[in-house]
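Architecture and fold: a report
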Amino acid sequence: MKNTLKATSMIAVIYLFTGYQELSAQAKNDSIKEKQIEEVVMIGYGTAKKVDLTSSVATIKSTEIVKTPAGQAAQSLQGKVAGVQISSFGSPGEAPKINIRGIKSLYGDNQPLFVVDGIFVDNIDFLNSNDIQDFTVLKDASASAIYGVKAANGVVVITTKGGSYNRKAKVSYDTYFGVQSAYNVTKMANAEQFTNFALESGSASEIASIEKAIQRFGRSRVNPNIPDVNTDWYKETLRLAAIQNHSLSVEGGSEKIAYALGGDFFKQDGILKMKNSFERFNVRGKIDVKAKDWLTVGSSMIFSRSQKYDDEVSAWRQIYYAVPILPVYDNSYTGAYPHPYADAMAIGYRDHQNPFATMDNSDRLGIRTRMVMNVYADVSLIPKELTFKSMLSYNNRQDNERLMSLPYFSNSDYGFQRTLDQSSITRGNYTNENYIWDNTLTYNKKFGDHDLTLMAGASYRDDYYSMNSVQGFFYDGSPFSRDREQTWYIRNTAVDGRISDDFGTRYYGTSYFGRLSYKFKNRYIAYATFRNEGSNKYAEKYVNLPAFGVSWVASEESFLKDASWLNLLKFRAGWGRLANDAIPINRPSTALAANTVFDDNLVSGSRFSTYKDDLGWEFTEETNLGLSGEFFNRRLTLEADYFIKDTKNLAITVLPLVGTESSLANVGSVRNKGYEISVGWKSKLNEDWGYFINGNFSQIDNEVTSLNGQPFLDRGMAEFRQRLVVGQPMDVFYGWDIVGVYQTQAEVNADAMAQYANAQSAGTVKPGYFKYRDVNGDGILDANDRVYLGSPVPTYYYGGSLGMNYKNWDLSVAFYGQGGNLVLNRNRAEVFRTTGRNVDAELAINRWHGEGTSNEFTSSEGYRNGWNQRNSRFFLEKGDFFRVQNVQLGYTLKSSSLPEMRFTITADRPYLWSRSNVLMNPEVGSDGVDYEVYPTPSVFTFGYSIKF
């Protein structure tokens, strides 16, 4: 069986065929022994065999990618690649966050570089999963360094589907449709729990609000002590939402031409009950032409247009805070529009609280168009030895947004309205555009036991960005009408109140690079690259990025070559240096007008900024040691790696010597180190039955190693402090540790810290209040008792899949999990600090309400007390979770009289177990703060595909 791979991209793309497969003889239906197909790998600006790699790479094929029904194809990688942490979110069309081997920068970008058919892009929101042939993740610096400064955080290489020479046209149609449902929704206190909590608190204002609610809405017939309202705000604001996808493609080729054409349409409604959805269509084309025996030319193009109605972020906090004794609507408000929203201020609370006023009167439209394309020419100067390749790639992204804050009226008594002059429109236009022109010369030579490849190249890059935005407020008499979208323009706003902004950057540079690959007797391999990167962004115009790697294919040695159980055993080692150019440039000094008085005279002058930034490249040096193995006729596969990654010249805050303004400088450092292991087993029981099991596990330690002599740097919020400190992970949580809850007055009286606090102010500490750890043993609770509480970044993550097939049926299950981190429950902390808001059900049910009732939660009265509001471990949730990622049942219909068809039933993210009972989505940002993000929905779909 022969496979031909056409290299249409000059950037590193791993294009892997199945390493072995079961073949059937048509005549006798005999089973032929599994046989290996040569695995062709495209490294930086060239190709190699996979067995010759010295670096850590992983590839996910299209059959796995399309199992995930999502608008963002990158989401399909979650749990499939060791060393790669992917955080997915529920908002329609929102891209997941991808982190390869740890957080490496505070002010730069930690996202990897995406390379699509040789084109550098910052995300792949323009791609449909059906467009993709495979993903390849290049994890260590020895693999990435040749790509330059854009590859500082690793590389995800994507090959889109293309045609093949000498193949008849194949027409494919793929579709799925289904429904999304919120799961793991935070349970909030119901009306009875909330009322009991408020009555026990002893707060006169909260008790009065309960009475006002009873007077306004009546008494419950079940329990006359509570209002006749029991609103579950999550139930009211969430909905089932549709999702669908359609893809049509044609692929084929003649002796001289290979081509592929395709188009996709995707639509996803949001689960939040507002104008919240995402839809995208894209078209793609790809062609390769053998113009001459010595010349091949080609091009690829993808055009995409997406439209998103974004959610209103503030609505999520309002949903969490809204009290359950408030209905959605209050029909006593006559003249209200568009709806008579119930108002919490009418029953004594200080906020309106009703999230529907925000949701119904926000219209957040964003339209994005993208054009991604390249053209190339490949010239054979000496057949099979010397080639020249030139490629020009172009990437354009246009974003246009229109953000509407629409007028509404509920009541004037408490000001629950947005008047016309408070209603606004914001229009923004953003352009990202870049060109890259690459030229390479590659020499390949095999002589005796020696294989040699030399490559030299040059690249020119030009990146352009511009933005402009205008905000305006409407006015009485304006042609604007909330019911006529054709009036939603800046021209209909008051001229005097308009606010505008514009900005732009252009960075460009030339780079020179080279690669040497050498192999001796198919067992000893050496690899080295070098790139000299130029840019006009920083004062230091050029940086040098070397890398090298070696590997030993031990299975080719005479003492192992005849081992029947061993197919491959390879040891790898590599080192590389990366540079990050995503760090901001130095801020210019500014002068502000300042006035003072001398001798009773007003003197005007200027006050100059005192910061002095010194920013430039961040550098990362990484060492990787690895092992690759295949055993038992390649049924068992093993990949294991250990890495140490040191980021030097880390941009950090430098505290001022003069003035009060801090500066930024490249004087810090951070280390990420860990190990990864991936194991897979695939086998057939007989002609009808087969199965597979795959698993991966990654462990990583993140540690700040230098702050340029500064003892620490405060980060996060003042009331919920995080820090940078040498020896701790980045943004470690910093606060007070809790050892329990005071159960009796005798216990309070016996505790030195409680005694001291009550002596300063009587009643500061009572039974039902938190008991803190006295770290320094001085009997006083103060800032000196704070400790480092834990990391916001997961210290381990894992994933895997298992499946089986019987004849034309197949079943697969994938899972993913992570842990070792803490998440700040910001909403619960805000509830502690602010009266008149709902509490989560866990807090309401498990509150301390007498001796022995709880040693973890405070009393209803205590949670409003300053003693219990400190930034403590109580507000930190364990981030550990396990999720069933995907379950799919499929049937493939193959018949000589019918086209090939496939039917699937898929449940995506149907189950989640979490160490926290209150986090809706334990996947939060790298700072570890949960702001009640958009819940990640379960998705249930039916899929169908047909090939002609």
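Keep in mind the model is a prediction, meaning the values are calculated, not measured. (Residues numbered from 1 in each chain as written. Predicted model: local features only at pLDDT ≥ 70, side-chain atom pairs only at ≥ 80, totals over all residues. Heavy atoms only, no water.)

1. Focus: the pairing of strand 7 (residues 84-87)
- In strand 7, alternate side chains face the same way, and those of Val-84 and Ile-86 on one face and Gln-85 and Ser-87 on the other are all buried.
- Sheet analysis places strand 7 next to strand 8 (residues 97-100), joined by four bridges and oriented antiparallel. Bridge pairing in strand 8 links Ser-87 to Lys-97. (Buried < 20%, exposed > 50% of the residue type's maximum accessible area, 1.4 Å probe, protein only. Helix = DSSP H or I, 4+ residues; strand = E, 2+ residues; numbered from the N terminus. Pairing = 2+ DSSP bridges.)

2. Observations concerning empty space enclosed by the protein
- For the structure shown, the criterion picks out eight cavities of 30 Å³ or more.
- Space inside the largest cavity adds up to approximately 110 Å³.
- For the largest cavity, the lining is made up of 17 residues, of which Ala-70, Gln-75, Phe-89, Gln-268 and Arg-909 are closest to its centre.
- Here the lining of the largest cavity is built from residues that sort into seven nonpolar, eight polar and two charged.
- By volume, the second largest cavity amounts to about 80 Å³.
- Taken together, the elements giving at least two residues each to the lining of the second largest cavity come down to strand 41 (809-819) and strand 44 (881-895).
- Per-element accounting of the lining of the second largest cavity gives the leading share, three residues, to strand 41.
- Of the residues contributing to the lining of the second largest cavity, the split by class is two nonpolar, eight polar and three charged. (1 Å grid on protein atoms, 1.4 Å probe; cavity = no way out; pocket = protein on both sides within 12 Å on 5 of 7 lines; lining within 4 Å. Points joined across faces, edges and corners; volume = space filled by probe spheres on them. Nonpolar A, V, L, I, M, F, W, Y, C, P; charged D, E, K, R; others polar.)

3. A word on the sheet that holds strand 43 (residues 876-878)
- Read across the open sheet, the three strands follow the order 43-42-46; overall the sheet is mixed. Edge strands, defined here as strands with exactly one partner in the open sheet, are strand 43 and strand 46 (929-930).
- Against the sheet, helix 10 (residues 826-833) contacts strand 42 (822-825), strand 43 and strand 46, and its axis sits at roughly 35° relative to strand 42. (Contact = heavy atoms within 4.5 Å. Axes fitted to C-alpha atoms, helices over the stretch in contact; angles between N-to-C directions.)

4. Here we look at the side chain of Ser-88
- Note on placement: Ser-88 falls in the loop between strand 7 and strand 8.
- Overall, Ser-88 belongs to the buried group, its relative accessible area being 0%.
- Not counting residues within four places of it along the chain, the set of residues in contact with Ser-88 comprises Gln-75, Gln-78, Pro-96, Arg-883, Arg-909, Asn-921, Glu-923 and Thr-936.

5. Points about helix 10
- Here helix 10 lies mainly inside the structure; seven of its eight residues are buried.
- Within helix 10, the full set of buried residues consists of Arg-826, Asn-827, Arg-828, Ala-829, Glu-830, Val-831 and Phe-832.

6. Some thoughts on the side chain of Gln-180
- As for its position among the elements, Gln-180 is in strand 13 (residues 167-181).
- The class for Gln-180 is buried, based on a relative accessible area of 1%.
- A polar atom in the side chain of Gln-180 sits 3.1 Å from the backbone oxygen of Ala-242.
- In this view, Gln-180 contacts Arg-239, Leu-240, Ala-241, Ala-242, Ile-243, Gln-268, Asp-269, Ile-271, Pro-937, Ser-938 and Val-939; residues no more than four positions away in its chain are not counted. (Polar contact = N/O pair within 3.5 Å; in protein donor to acceptor, adjacent residues only side chain to side chain.)

7. Considering a nonpolar patch on the surface
- A surface patch of nonpolar side chains, amounting to about 940 Å² of accessible area, comprises Phe-177, Leu-685, Trp-689, Met-804, Tyr-806, Trp-809, Leu-811, Leu-889, Ile-905 and Phe-942.
- For the nonpolar patch, the secondary structure elements donating two or more residues are strand 40 (796-806) and strand 41.
- Along the polypeptide, Phe-177 turns up in strand 13. (Patch = residues over 30% accessible without salt bridge, like charges linked within 9 Å, V, L, I, M, F, W, Y side chains within 5 Å. Areas by Shrake-Rupley, 256 points an atom, 1.4 Å probe, with all protein chains shown as cover. Salt bridge = Lys/Arg side-chain N within 4 Å of Asp/Glu carboxyl O.)

8. Things to note about the UniProt feature "domain: TonB-dependent receptor plug" (unreviewed entry) in the chain
- As recorded in UniProt, the sites labelled "domain: TonB-dependent receptor plug" (unreviewed entry) are residues 50-155.
- Across residues 50-155 one finds 8% helix and 26% strand; the C-alpha atoms that close the span lie 17 Å apart. (UniProt positions renumbered as here; feature names shortened; annotations may be inferred.)

9. Focus on the packing of aromatic side chains
- What the rule picks out here adds up to 39 aromatic pairs.
- Between Tyr-341 and Phe-416, the ring centres sit 6.4 Å apart and the planes meet at 50°, which makes this aromatic pair tilted. Linking Tyr-341 in the loop between helix 6 (313-321) and helix 7 (355-360) with Phe-416 in strand 21 (residues 416-418), this pair joins segments that are 75 residues apart in sequence. With respect to class, Tyr-341 is no different from Phe-416; both count as buried.
- Residues Phe-832 and Phe-875 carry aromatic rings whose centres are separated by 5.2 Å and whose planes lie at 90° to one another, so their mutual orientation is edge-to-face. A residue pair is termed long-range when its members are at least 10 positions apart, and Phe-832 in helix 10 and Phe-875 in the loop between helix 11 (841-845) and strand 43 qualify at 43 residues.
- Residue classification places Phe-832 among the buried residues on the basis of a relative accessible area of 0%. (Phe/Tyr/Trp six-rings, centres within 6.5 Å; stacked < 30°, edge-to-face > 60°.)

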